[in-house]
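An overview of the molecular structure
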Amino acid sequence: MKNFFHKYYVLFIITLISAAGLCALSFLTILDYSFDNEEQLIATCNEGLIEEIETSIRSGKTLSNYYGISDVLKRAGDLLSKGSILVIENDNNRPVASNTDLQSFSIDSEKYGVVEQEILDKGENTIGTLFTYYDKDLVRQSISHVFIVSVIGSLIIFLLIIIACYFFYLKNTDSDTGLIIRVIMVGIIIQGIFLTVNYSPEFEKAAERSVENVASYINSSLTSILDKGVSIDEISDLEDYLKTKQEENSSIKSISLSNTIPSESADKVIVSELEMTGSNLLLVYNISQSYVRRNVLSMVLMFVATIVLAVIVMKESLSLSEIIEFRKSKSFNKPEKEQFDDVAKVIRYGNFLSVTFDYMCLSFSALQIKEWNRGIFSMSPQASAALSISICSMADLIGMMAMPSIGKKLKGKHIMTVSAVILVISNALCFMTTSPLIIVIMRFFSGLATAGIKQSRNYVISQGYSSESERNANLNASNTGVIGGILCGMGLGGVVAGVFGYQTTFLVSCIGYILYLIFEFFCVPWKLLSENNPDSIIERESGNLIKRVINIFSSMSVWKAILLMIVPQYFLLMVIVCLIPGRIQSLSLPGVVLTYANLLNGITGLYIGELAYKKLITKLKSDVKAESLVLITGAVSMIILDIPFIPSAIMLISAILSGLVDGMGTPISTDIFMGNMVIMENLSDTETLMIYSVIGSAVMSVAPFILEFCEKSRIGMLICSILIAAAAIMLVKIRRPGRKPVKK
Amino acid sequence: MCCRKKSLFSLVLIMTLLTLLLSGCSKREITQIDIIKQDHDFDLTPCRRADGEPFRIGFMDLGPPIESSYLCLKGFAEGMQSIGYIDSSVNLQKAPEDFFEFYDFLINSDLGDYIEFEPEPYMIDVEGNEEIGKLIKEKAESGELDVIVATGTDPGLFLKSLDLPIPFLVCLATDPVASGIIRSAEDTGDEDIWALVEPNPYGRQFEGYQSMLDIKKICFVFIDEYDLIAGNSEYRKKAEELNVDYDEITFSEEETYAPDFDDKLLQALKDHDMSGCDAVLFAYGTMNDENAPEISKYLASIGVPSLISDGDSISKNGGMMCLSCFDYESYGEYASMVVSNIFHGKKAGDQPCTFNSSPHIVMNLSCAEETGFDITFSLLNSVDRLYR
């Protein structure tokens, strides 16, 4: 039993996290769905209020001199859920009235959701905003019982998974880890099915509640008109009115007037009797089953995506036990083949950890600042949000340019330690702060520290081999670790931000970097690396760096490699980041398409890319030809985005091709660049990798603007694709100089 | 070396503390709502006179009282009750819907300890009001009367002529500036005088009609001498501003006193070329309760909506629609808040005079149906009262 847990504790921890993630995700989905329904109801109910205020404004009143406005808000508040707070702000964002009797009060964003509706004057200019704060706890309470059932059920399934694993462990003396993972996967799938079955009726109930509330509002509006002495037939556009209300609320399929209760209907029906008509008129609301099904399907697809992410984390973490075992062995820190093989695993897992926690919080600084709606100094919140992202990239670039000279003075281990400590502190402060300025400053430090992490990563790659195949393995491991990290970081970041809020991603990153620090500190053979000089580093690093960099940039072959290979390669890496999401948005495809595009892109790059890379090199016997083929694949991934049919499938195919470009192209292009004779004569491997990263970052900072243009212009997309294909063809003509034999 | 280490340590410590301080740790994300005061700043807490006695209020109108006077009085009483000057046990909703009967209801009810009304409303005539003036002056000087609330231009001018030592409020006058009750909406010219100013009510009314009916061409029915009180010029100006073509049928004031005025008006409408006309707007003094059924019926028969300048009762008697920018009840309520400020020691002349009414819409459904007017859900929703 002890051995069993000792061997698989990492997998069980990941399984527990996945199970909790699924639980949280399912609850979050139904909660979001319920919030959407509540917000649609508020928007519908407030229409009358806004019309009344706008009519008064158009007839001369002003928001700052609107006698009785609080009473108007109080009347409107009576139509909404209990505890709803209405506040009107003028065009200077100053609150001018509310439905409470208080002059000063505070709204906790954790407790209240908000719906914003503009108030327009007769010139259609915004002169104020109506904020409706609804009590989120009331919505949560309405579904809390299902959440408790899902937690208990998930815990039972988790325990059953462990029991089943133990059973197979006992039966299988060879202790096949693959079998254990398969058992865990089946268990997680069962949990997903259980959660789907558990929550599906709740989606229907939430839709029913929403329809009942809308029905109650429509009834009271109609009744108030009928009370004035109008008969129902005299309202000329009643059908149009009901249709508008149906369109405003996704839960409603149709609304009709009838004298009898419909006997049979494929959809669930809510019937509401109209008072005052004297003719037993009924309003019949058909609940949209397709809307309910769409939401359930969206939840299931998210489950699948999460399960895939969990499996990837498990698969990546499988090497952890081996790394720890090797760390305990006597071969650790010895210049032996096993140690150099272990370095590739350490690079892959280390990269996986650092990039996961880097990407987990990457975009959330901007979203957090936007949510606070506060800028720094005199900047707008939007500009401050963008700054928090760009300052991180700028600091990364600055850091990378400074790293070669820092690398001479500080050892790789020290750079890694200092960088990780900075990342721990800056992420902790980003989690704790409520100041946009602190977030921007801390993101700057994070950018610098990320450059340090990259420097230490390059140091391990360039020092941790004894043969060219080991160096290629290191490069490949580094790339796959990065791809896996990006994939899991973005996915898990989304889940953490969605469930616990944007700032929590920084806390998770902070904890993650502590784990990374411990891992790197103990599992990287620093002593061996500092003694291992595979390529006369000392000799090459002794000269003036600037002079050596000028030397390489005065070589035509280096420029060819940069322009025909690195630039198109890095440009293509941004297709999944900028072009595909933009395309999905402009085609109004469901959000889940983007989730799956990212997922397929990552999986392709991570697993298929690695296999394809090996096969391609063996088959073509030329890495330049292989890179050329990769670039042509990239050009195809762009050009197919213009195909006008089956858009979702096209997006996914393009994402897969883009994943192949990353998975195959990055190690090949790095290898070609490092093998350039001029570069080899002037720079150490660490310096080469750093220069390569700087060029890549520069391309990636410009690429979004070009891809934005491509997204809007078919011609732009065509020109870019042709240019990349042309670069691919011209690349084949570059004669790659032979590599120097690796010195030992 | 030791000193350098200490300095470095201190620097790190100070930087850390500063960062934590700046970061605002442990604060929760809270939106603070501080409602800014409206331009009108009223002290809405009930109070008594300095001697502990209730304030005494006089009410003045030009006799005989019309519907608007009753609505103003009703709004004033309801406003005083919502502030707390009138006990909440007094059921004003059940009070009679007539000026004198409503006033009697107030006198005979136990209003509480804060205010009381004079036993009778002061009803002045166009001529000969010396007795009333003398009585009011005596009461004001002896401290028996604290404030007077008046409805109408004539009562306002009459009170101004008395030069009273107490404040008075005119909560209903067509144009208190033009008539000379106050100097302007911003400066009343006398610290004891306040009058409600409704800016450009006719222009706003026309704009409301235009946006509801999408009028391209309209026919106005005016009485020439009533330019000021009926807003003839304002209608013309607004029509030009909105690029609406207009015709006019104009009568003199003298013609309206003639017994056959109603027939003449109907005949003038029949003789008028109504082709392309989207509506007829009847300014003050033209369509009334008596001639409304016949005139609106004729216009309905040719598919032209009859729009009324002012008066719910005209619509009740047949006029298709009355969109009024005179919200008399709200005038009374607004005056009650001004009175509260005065009771709290503020000067009447310093109180804000401008008040914009929300449109009040009354419609005759039978006439609208006969006219072939499109009765939509949103229109019915915004109509305050419907008649058949």
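Residues numbered from 1 in each chain as written. Chains lettered and ligands numbered in written order. Predicted model: local features only at pLDDT ≥ 70, side-chain atom pairs only at ≥ 80, totals over all residues.

In terms of regular secondary structure, chain B is built from 15 helices and 14 strands. Per-residue burial over chain B gives 44% buried out of 388 residues. (Helix = DSSP H or I, 4+ residues; strand = E, 2+ residues; numbered from the N terminus. Buried ≥ 20, exposed ≤ 12 C-beta atoms within 10 Å, placed from the backbone.)

It is worth spelling out the overall build of chain A at this point. Helix and strand counts for chain A stand at 24 helices and eight strands. If you take every contact in chain A between residues at least 6 apart in sequence, the share linking residues at least 24 apart comes to 80%. (Contact = placed C-beta atoms within 7 Å.)

Our next topic: the pairing of strand β4 (residues 112–120) of chain A. Residues and elements named next belong to chain A. Two elements, β4 and strand β5 (residues 126–135), share nine bridges in a ladder whose sense is antiparallel. Bridging across to β5, G113 finds its partner in Y134. Taking the residues between adjacent antiparallel strands as the criterion, β4 and β5 are bridged by five residues, where E124 takes a positive phi near 60 degrees. (Pairing = 2+ DSSP bridges.)

Take the nonpolar core next. For soluble globular proteins, nonpolar side chains are generally found buried alongside one another. Counting residues in hydrophobic clusters, the biggest one holds 304 residues, and the most contacted among them are B:V149, B:L169, B:A195, B:L196, B:V280 and B:A335. Setting aside chain neighbours within four positions, we find B:V280 in contact with B:C219, B:V221, B:L269, B:L299, B:V304, B:S306 and B:L307. (Core = buried A, V, L, I, M, F, W, Y, C linked by C-beta atoms within 7 Å.)

Here we take up the sheet that holds strand β7 (residues 269–273) of chain A. All names here are of chain A. Spatial ordering of the open sheet is given by β6-β8-β7, a layout of three strands whose pairing is antiparallel. If you trace the sheet from one side to the other, it starts and ends with β6 (252–258) and β7, each paired once. Going from strand to strand, the sheet's axes swing by 20 degrees on average, the running direction of each strand aside. In this sheet, strand β8 (residues 282–287) lies alongside β6 in antiparallel orientation, the contact comprising six bridges. (Axes fitted to C-alpha atoms, helices over the stretch in contact; angles between N-to-C directions.)

Here we come to the interface of chain B and chain A. The interface is formed by 37 residues belonging to chain B together with 41 residues belonging to chain A. Secondary structure elements with two or more residues in the side of chain B that touches chain A: α1 (2–23), β1 (30–34), α6 (201–213) and α15 (377–382) of chain B. Per-element tally for the side of chain B that touches chain A: the top contributor is β1(B), with five residues. Among the residues forming the side of chain B that touches chain A, the class breakdown is 16 nonpolar, 13 polar and eight charged. (Nonpolar A, V, L, I, M, F, W, Y, C, P; charged D, E, K, R; others polar.)

Residues and elements named next belong to chain B. Relative to the helices and strands, A283 resides in the loop between β10 (279–282) and α11 (292–301). Overall, A283 belongs to the buried group, with 24 C-beta atoms counted inside 10 Å. Separated by 81 residues in the primary sequence, A283 and Y202 place their C-alpha atoms 9.5 Å from one another. In this structure, A283 is in contact with F220, V221, F222, I223, Y226, A230, G231, N232, Y235 and S309, ignoring residues within four places of it in sequence.

Moving on: the sheet that holds strand β12 (residues 321–324) of chain B. Whenever strands of a sheet pair, they do so through backbone hydrogen bonds, lying parallel or antiparallel. All names here are of chain B. With mixed pairing, seven strands are arranged side by side in an open sheet as β9-β8-β10-β11-β12-β13-β14. Whereas interior strands pair on both sides, the edge strands pair on one side only; in this sheet they are β9 (245–251) and β14 (385–387). Strand-to-strand twist of the sheet, defined as the mean angle between neighbouring strand axes without regard to direction, takes the value 20 degrees. Strand direction decides the pairing type here: strand β8 (residues 217–223) and β10, joined by four bridges, are parallel. By the bridge assignment for β10, C219 is matched with V280. Across the sheet, helix α8 (residues 232–241) touches β8, β9 and β10, and the angle it forms with β8 is around 165 degrees.

Moving on to the packing of helix α20 (residues 623–639) of chain A against helix α24 (residues 714–732) of chain A. Residue and element names in this part refer to chain A. It is the contact of α20 with α24, at a shortest axis distance of 8 Å, that shows an interaxial angle of 170 degrees. The angle between the axes of α20 and α24 places the two elements in the roughly antiparallel class. Here V624, K625, E627, S628, L631, I632, G634, A635, M638 and I639 of α20 come into contact with α24, specifically with M717, L718, C720, S721, I724, A725, A727, A728, I729, L731 and V732. Considering only residue class, the contact of α20 with α24 consists of 16 nonpolar, three polar and two charged. (Parallel < 35°, antiparallel > 145°, perpendicular 65-115°, else oblique.)

Turning to helix α13 (residues 328–343) of chain B, a few remarks are in order. Residue and element names in this part refer to chain B. When the terminal C-alpha atoms of α13 are compared, their 23 Å separation across 16 residues agrees well with the 22 Å that a helix rising 1.5 Å per residue should span. In terms of residue burial, α13 counts as a mostly covered element, since 15 of its 16 residues are buried. One or two positions beyond α13, positive phi appears at G345, with a value near 100 degrees. (Expected span 1.5 Å × (residues − 1).)

Attention now moves to unusual backbone geometry. The linkage connecting B:G63 with the following residue, B:P64, adopts the cis geometry, with an omega of -10 degrees. Its place among the elements puts B:P64 in the loop between β2 (55–62) and α2 (67–83). Of note, A:S588 is a non-glycine position whose phi angle comes to about 55 degrees, a positive value. Counting through the fold element by element, A:S588 comes out in the loop between α18 (575–586) and α19 (591–620). The backbone phi angle of B:D214 is positive, close to 50 degrees, even though this residue is not glycine.

Residues and elements named next belong to chain A. One way to put it is that α18 packs onto helix α23 (residues 685–712) with a least axis distance of 9 Å and a crossing angle of 30 degrees. Between α18 and α23, the angle is such that the two are roughly parallel. Between α18 and α23 lies a crossing whose hand is right-handed. Together, V575, C578, L579, G582, R583 and S586 of α18 and A703, P704, L707, E708, C710 and E711 of α23 make up the contact between the two elements. (Left-handed = near helix turned anticlockwise from the far one by under 90°.)

Within the fold, B:S88 resides in the loop between α2 and α3 (99–108). Sequence separation between B:S88 and B:G112 is 24 residues; the distance between their C-alpha atoms is 9.0 Å.

Attention now goes to the confidence of the model for chain A. Per-residue confidence for chain A gives a mean pLDDT of 84; residues scoring 70 or more make up 95%. Every residue in residues 737–744 of chain A scores below 50 in pLDDT, and together they form 13 contacts with partners more than four places removed in sequence or on other chains. (pLDDT = per-residue confidence, 0-100.)

All right, on to the pairing of β5(A) then. As paired elements, strand β1 (residues 85–90) of chain A and β5(A) share six bridges and run antiparallel to each other. Across the sheet, the residue bridging to A:I85 is A:Y133, located in β5(A).

All names here are of chain A. Relative to the helices and strands, L517 is located in helix α13 (residues 504–523). A sequence separation of 98 residues divides L517 from S419, and the C-alpha atoms of the two residues are 9.3 Å apart. Setting aside residues up to four positions removed in sequence, L517 forms contacts with T417 and A420.

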